Amino acid sequence: MKIYQLTPAYDFKLPILADNLKPELFEEKQLSEVLNVEVYEGNKRKRLEELFKIKEVGEAEETTLEFIGDFSKVRRIGREMSRGIIRIKGIAGIGFGEAMRGGKIIIEGSAGPWLGAKMKGGSIEVYGDVGDFLGGAYRGENFGMRGGTIVVHGKTGWNIGYKMKNGLIMVDGDVGGFPGIHMIGGTILIKGGCGMGAGAFMKNGRIIVLGYIPSILASFSFEEIRPSIRVETERLKGRFYTFIGDLNEKGSGRLFVNADSNKHLSFYEQLIEEL
Amino acid sequence: MSGKLLIKNGLVFDPINGIDGEIIDIAVENGKIVEDVKGTDVKVINATGMVVMPGGVDIHSHVAGSKVNSGRALRPEDHYKDYELRKPGLRSGVGYTVPSTFVTGYRYARMGYTMVIEPATPMLKQKHTIEELNDIPIVDKASFPLVGDCWFIMEYLEKGMIKECAAYTAWLLKSLKGYALKIVNPGGLESWGWGRNVRSLDDNVLGFNLTPREILRGLCKVNLMINAPHPIHVHANRLGQPGNYKTLIETMDCVRDLYDGSKPIIYLTHCQFNSYAGESWIELYSGAPEVADYVNKHSHVVIDIGQVIFSNATTMTADGPFQFQLHLLTDYKWVNADVECETSAGVVPFRYKKRNYVHAIQWITGLELALLIKDPWRVFLTTDHPNAGPFTEYPRVMAWLISRKAREATMKKVNPRALRRTLLNSIDREYSLYEIAIITRAGTAKILGLSSKGHLGVGADADIAIYNFNPRNIDLSRDYKLIRKAFRKAAYTIKAGNIVCVNGEVVKSVDGAIFWVNPSISKDLEDSVVSDIRRRFRDYYTVEFENYITDESLLVNSHPLSIKGGI
Amino acid sequence: MEVFKNVLCPFCGCCCDDLEVEVESNKIINVRNACALGRGKFLSVSENRLLKPRVKVNGESVETGLEKAIEKTVEMVKSSNYPVFYGFGCTSCEAIKLCLEMADLSGGLADNISVVCHGPTILGLQDMGIPSATLGQVRHRADLILYWGCNPLEAHPRHMMRYGPLSTGRFVTGRKDRRMVVVDVRKTPTAAMADMFIQVRPNTDFEILTALRALINDLDLEVEEVGGVAVAKLEELADIMVNARFGALFFGLGLTMSYGKEHNIEAAIALTRDLNKKTKFVMIPMRGHFNVTGANEVFTWQTGYPFCVDFSMGYPRYNPGETSAVDVLARGECDLLFVVGADPCSHLPYSIVEKLKNVKLIVLDPSITPTVKMADVAIPVAYVGIETAGTAYRMDGVPIQLKKIIEPPPGILSDVEILTHILRRLR
């Protein structure tokens, strides 16, 4: 299998929709055909070779696409990819890896919103920061991410795991407001802190916050203190306040919050005596 | 005005004129069907081996107005995957169950339909309905204002002031550019203003001294008094509840004594939703046989079926309490839109699944109604779009009616317990093409009182559909898939003499007309009623009396029907 | 002297249609029944008018003829690779339809001012629905009225007397039969009139709405205060809500534009929805401009989406955050901004307005606004609802006709006429 390198041919200003840019494209077509594939830049159609410098740079076990540069204006790269590797050294645009089914995405840099939205399988790893709606969905849809794994080493924006049905999201840094909003399954592990509204409207699933969380929604009920939580093969140890919710939705999701990072929530412990 | 057309050699089905598959040439000039056309500028369409019918007339389809737009806004996910590109002369848009207006017109035209009725428009928001109808290209349109729970009307009926009530409804039709009187869950919508509902025809309407039965009888009388072209169009009480077939029959029966034997006096719509037997959802089964029996024995009633399609749907009706119940049952998102002094509305997305027992019963019930009612002039094809399914699936319904094989193919996949509990599997009847033409165009045009629609006689509007299949060469029952395909994409659709579609592609966009009824009644009566209403208007509505009226100038292509009221 | 009656006020979303306007020699001399805001608009129509079209030549704004201005506009739209058509709060539906056709034809983006006011309400209802009604339902039936995150006394002055606590209805005769509750971060003049005022800590509305909803659903709360409000107070409010015969919740930018944004609206919708299991409750957004609702309606029926519609690929695409005018401008992605019925240079964040220096700007406006001053092409138009007629939609979706009361200044056409000229050439 081959490795292809893609760099922007110029500084992009207008939005470019390149949702056919994924490893499969390069396996199904010769490079010369790929260069002639048309995509939209603004409201005009352009050939890929007008927008990107694409060249073959080596061999690998799987078809690999290496994006180098600022691709923030290019939308939905890797959409529905099912195999192969996409690596980007730079900035990933909106909807990167949307609905991917398999394969691997590695982002050495940052990514815009809707990264991995509606993901079904495969894995995404980001070294930098990510925008809103990580592993999320679009307005009105029934559910978002339903499989696969997303790991973010930096921090993220809001609404991560919006309408998540299954799968795993792990963030090393801080996360914005409303992680896991409308969640119906899956696991979100936040190693940093998060904004208000964690688990709002959730029906099922697990959210684990190791850092600071400003408050717990009133529709979540304190259940117990757990000494450890398993996330895939890892076992996180500590004292975890466990809340069940969102009871407004008759939900049975779990919100785990590290007691040591959240002394302001220690009043919940009094409820244990009352139980 | 358009040029001359000659459709040669087609197999014509024109039930209003008794033509059943004869080969007849149809001549068109200046938008009308004429005896003959001559000259070098005649465009000839070779319709050899093709079926020629009047353009379809869809009598009940929610395509324009406030609650339809709420449905569109509510469901972006309905549109993401179904869209249409803009083309020269044509606008872009989206589907699926709640298509945008331009796409609505194009998709009707593609199926050979040339008229569609928006069957429920809130009077206070009538201008919204008109604006949307203006933006539905090609097809002719009309709308039915919701009058059953209007405060002024209920008060007149309460007090027995039937003449004044008739004068007011005549004024409403004229001022709002409406076509017929629509009644939904009479009494229930006013009760919903308090979060309640009515449970029977003899319940008292909260806050008024009136029952649903009195509303129905009163408005039936009123409709006869003003000589309206279409009977009262009724969505019965207790829609969607197990055991409601009894209420449906009671509703049909409650005006029986007002029938004078000439034309039907009550139209019950989407009866499938009102024909359920059984005490609960688990025990649900079809009450269609009883309903069909009543309709067969009583010619004062006309119905349409509201056939379920196994796909996504968006329920939207003026039946506020029903829509809320549906939300509670399904937990799907819910829009409610009550309108002061008049009516309510609700929108809830839905999906009909073949293996689901209840949905299968619903599917069966609609088909049983169509197959057990004998007179095709009194049972019409609808899906109550988009409540039971999108209008683009009409060809599928036609196939089910024409072919037992088509029914079998679907029956194999539906919940078997539902089949065992009902009659459908034992019904062999297959509709003829002649009958299909009646239930989709001739019959609907006739019950609407539109003498220029639904037929191909000289003087009719040149709204014509040509379908590419030859009933003499194929077995309709066995080759139902071919029929379905042919009805999905008309070979030609002609609107007012313009060729608008060829092989299912829209080639020209024209402005259809908005039909409305202009009843003339005694001036003294009208003046006295209007001045009474005007005087009290501010105590009722939050808009001024003059601003309630929809000016004719708002209609892009206005087509009034003058009628002489009997008061 | 002529008196125009039943005039629709072209200011806020109340769309009061009982105005009476006195005109003499094509000049408005008096307005009756309007509030100060509406009256002010009618009486100041001749002030600060843009009287002639202007184009920017070498950075200088120069007067020009209408024909030239239209020509330049058409040329700019045709050569644009991603034009954005924006505004539509202060114009008629007829104008909005023409702009949508332009956006469709030219493969651009069409968006309206909801994107900076009740856009979150739209996003909220797309996930949750919304239990609503027309304003008359509230007037006739409501014995409980809540104003949350809005200050109608100053922003919608006649709201309370026409539709709210001070109005007279069939079943509820006046103020004494109604309870008025205000929830806000500060004590506004509206709050001073309330039977119950709940002051909340800024940015805590979501938490408070969630707690209220939990109380309505008979859940026990495990905290003693939420958002600076004692739970006992919330319990009192929950009790009032559940025991109302008909409750109405009016909400404004205090909810849509504070922390949580569309989630605040989702919480309010969920609360209102749950209340309908126990009693009758509706909610109505306090729309700011007289026809922003109309913009949402027209957008929705013509394209399927209420705002943020992207036609660049030949069909309507929708993803607020991606296809929203504000975000597109913030990311510097568009090359042309065509403004009708709005003043983005005054209302958008400064960081975005700065970026407009690199964007070609065309604006149709009656007066000399900051947007007009920055524009590459500015074409004067008549005031909609005063100098030209059309259709508008009230905050509750009721359509009412705007009237033409006086003639516009000489040589000035309506935006509908200008847009028709432009469209004809674009086709």
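1. Examining the overall build of chain A
Thought 1: Within chain A, the regular secondary structure consists of four helices and 17 strands.
Thought 2: For 275 residues, the compact-globule estimate of 2.2 N^0.38 gives 19 Å, and chain A sits close to it at 20 Å.
Thought 3: With the principal axes as the frame, chain A shows a C-alpha extent of 70 × 35 × 25 Å.
Thought 4: If you take every contact in chain A between residues at least 6 apart in sequence, the share linking residues at least 24 apart comes to 38%.

2. Side note on the environment of C:Thr279
Thought 1: For C:Thr279, the position within the fold is in the loop between α12 (262-275) and β15 (280-285).
Thought 2: With 36 residues separating them along the chain, C:Thr279 and C:Asn243 place their C-alpha atoms 7.4 Å apart.
Thought 3: Ignoring sequence-local partners within four residues, the contact set of C:Thr279 consists of B:Gly195, C:Val242, C:Ala244, C:Arg245 and C:Gly247.

3. A word on the interface of chain C and chain B
Thought 1: Counting from both sides, the interface comprises 50 residues of chain C and, opposite them, 45 residues of chain B.
Thought 2: When residues of the side of chain C that touches chain B are traced back to their parent elements, those giving at least two are α3 (93-106), α4 (119-128), β8 (129-133), α5 (135-141), β15, α13 (292-303) and β22 (399-402) of chain C.
Thought 3: Considering each element in turn, the side of chain C that touches chain B owes the most residues, six residues, to α5(C).
Thought 4: When its residues are assigned to classes, the side of chain C that touches chain B shows 22 nonpolar, 18 polar and ten charged.
Thought 5: Here strand β18 (residues 334-338) of chain B runs beside β8(C); their pairing, made up of five bridges, is parallel. Looking at β8(C), one finds that B:Asn336 is bridged to C:Pro131.

4. Here's the deal with the sheet that holds β18(B)
Thought 1: If you trace the four strands from one edge of the open sheet to the other, you get β17(B)-β19(B)-β18(B)-β8(C), paired in mixed fashion. Every other strand in the sheet has two partners, leaving β17 (312-317) of chain B together with β8 of chain C as the edge strands with one partner each. Each strand axis lies, on average, 20° off the axis of its neighbour in the sheet, ignoring direction.
Thought 2: Where β18(B) lies against strand β19 (residues 346-351) of chain B, two bridges are found, and the strand directions are antiparallel. The residue of β19(B) that forms the bridge with B:Asn336 is B:Gly346.
Thought 3: Sitting on the sheet, helix α11 (residues 320-330) of chain B is in contact with β17, β18 and β19 of chain B, with an inclination near 40° to β19(B).

5. Quick look at the sheet that holds strand β11 (residues 182-184) of chain B
Residue and element names in this part refer to chain B.
Thought 1: Sheet architecture is open: five strands sit in the order β11-β12-β13-β16-β20, paired in parallel fashion. A strand with exactly one partner marks an edge of an open sheet, and here the two such strands are β11 and β20 (379-380).
Thought 2: Note that β11 and strand β12 (residues 232-235) share three bridges and pair parallel. Bridging from a neighbouring strand, Ile183 pairs with Val234 of β12.

6. Topic: the nonpolar core
Thought 1: If you look at the biggest cluster of nonpolar residues, it comprises 430 residues, and the most contacted ones within it are B:Val52, B:Ile466 and C:Cys99.
Thought 2: Beyond its immediate sequence surroundings of up to four residues, B:Val52 is in contact with B:Ile7, B:Gly10, B:Leu11, B:Val12, B:Ile26, B:Ala47, B:Ile464 and B:Ile466.

7. Overview of helix α18 (residues 415-426) of chain C
Residues separated by three or four positions in an α-helix point in the same direction, a consequence of the helix having 3.6 residues per turn.
Residues and elements named next belong to chain C.
Thought 1: Spanning twelve residues, α18 covers 16 Å between terminal C-alpha atoms, matching the ideal 16 Å at 1.5 Å per step.
Thought 2: Of all the positions in α18, only Asp415, Val416, Ile418, Leu419 and Ile422 are classed as buried. Seen from one end, α18 has its buried residues packed into an arc of 160°, which puts them on one side.

8. Regarding the packing of helix α13 (residues 394-402) of chain B against helix α17 (residues 480-488) of chain B
Think of two packed helices as two axes; the pair is described by the angle between the axes and how far apart they sit.
All names here are of chain B.
Thought 1: Between α13 and α17, whose axes approach to 8 Å, the crossing angle comes to 150°. By crossing handedness, the relation of α13 to α17 is classed as right-handed. Residues Pro395, Arg396, Met398, Ala399 and Ile402 of α13 pack against Tyr480, Ile483, Arg484, Phe487 and Arg488 of α17.
Thought 2: Looking at the contact of α13 with α17, its residues break down into seven nonpolar, no polar and three charged.

The rules behind the values
Residues numbered from 1 in each chain as written. Chains lettered and ligands numbered in written order. Predicted model: local features only at pLDDT ≥ 70, side-chain atom pairs only at ≥ 80, totals over all residues. Helix = DSSP H or I, 4+ residues; strand = E, 2+ residues; numbered from the N terminus. Rg over C-alpha atoms; globule rule 2.2 N^0.38 Å. Contact = placed C-beta atoms within 7 Å. Nonpolar A, V, L, I, M, F, W, Y, C, P; charged D, E, K, R; others polar. Pairing = 2+ DSSP bridges. Axes fitted to C-alpha atoms, helices over the stretch in contact; angles between N-to-C directions. Core = buried A, V, L, I, M, F, W, Y, C linked by C-beta atoms within 7 Å. Buried ≥ 20, exposed ≤ 12 C-beta atoms within 10 Å, placed from the backbone. Expected span 1.5 Å × (residues − 1). Arc of directions from axis to C-beta. Left-handed = near helix turned anticlockwise from the far one by under 90°.

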